[in-house]
Amino acid sequence: AVVSTQSTGVTEGLLRSFQPVDKSRVKSLSDIQKSLLNHALSFPSAERVVYSTCSVYDEENERVVEEVLGLHSREWELVKVIPSWGRRGNVQVFPEADKCVRCLPEDETNGFFLSCFIRKENVSDKDFLAGKENPKCVLQLSILR
């Protein structure tokens, strides 16, 4: 299942540089994103949940992941996605963000962020951690529109 909502990157158009938007709007969007991600992690049969946004804002990316992971850390953890990708998440905001992927306007994007939660009992899945395609991914949460 793919759950979609709005993020700043989609609504702002192609950014050529980091441009601040209304902080209350970013807060509102991040609250929705946290709610959706919390809900996705509550499914008992979910083994992996991919969280991605089209945003450059820490509040919609690392801070959402950090807060939600803090609520679910007994059952879930982050795994490093696309290990060969150079630009990682902002570790100054969230220490585990080095497991996440980020794109910025200078990468010719509106902004992009990607993280993957894996249920702790599944962490030994070597194919997944090696970056190979895994058909067992049962839920993907993409914040697109």
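This write-up is about the structure you can find in this document. (Residues numbered from 1 in each chain as written. Predicted model: local features only at pLDDT ≥ 70, side-chain atom pairs only at ≥ 80, totals over all residues. Heavy atoms only, no water.)

**Regarding the overall build of the chain**
For the chain, the helix and strand inventory stands at four helices and six strands. If you list the helices and strands of the chain from N to C, you get β-α-α-β-α-β-β-β-α-β. Taken over 145 residues, the chain has a buried fraction of 46%. In the chain, of all internal contacts separated by at least 6 residues, the share reaching a separation of at least 24 is 71%. By element, 52% of the accessible surface of the chain is carried by carbon and sulfur atoms, the whole surface being about 7,700 Å². (Helix = DSSP H or I, 4+ residues; strand = E, 2+ residues; numbered from the N terminus. Buried < 20%, exposed > 50% of the residue type's maximum accessible area, 1.4 Å probe, protein only. Contact = heavy atoms within 4.5 Å. Areas by Shrake-Rupley, 256 points an atom, 1.4 Å probe, with all protein chains shown as cover.)

**Topic: helix H3 (residues 62-72)**
Within H3, burial applies to Glu62, Val64, Val65, Val68, Leu69 and His72. Axial view of H3: buried residues confined to an arc of 155 degrees, hence all on one face. Exposed residues lying more than 90 degrees from the buried face of H3 are Gly70 and Leu71. On its buried face, H3 sits against helix H2 (23-41), strand S2 (48-53), strand S3 (76-79), strand S4 (101-103) and strand S5 (112-119). (Arc of directions from axis to C-beta.)

**A word on H2**
Over its 19 residues, H2 runs 27 Å from end to end, which matches the ideal 27 Å to within 8%, given 1.5 Å per residue. Here H2 has its buried residues at Val26, Leu29, Ser30, Gln33, Lys34, Leu37, Ala40 and Leu41. Angular distribution of buried residues about the axis of H2 spans 145 degrees; they occupy a single face of the element. (Expected span 1.5 Å × (residues − 1).)

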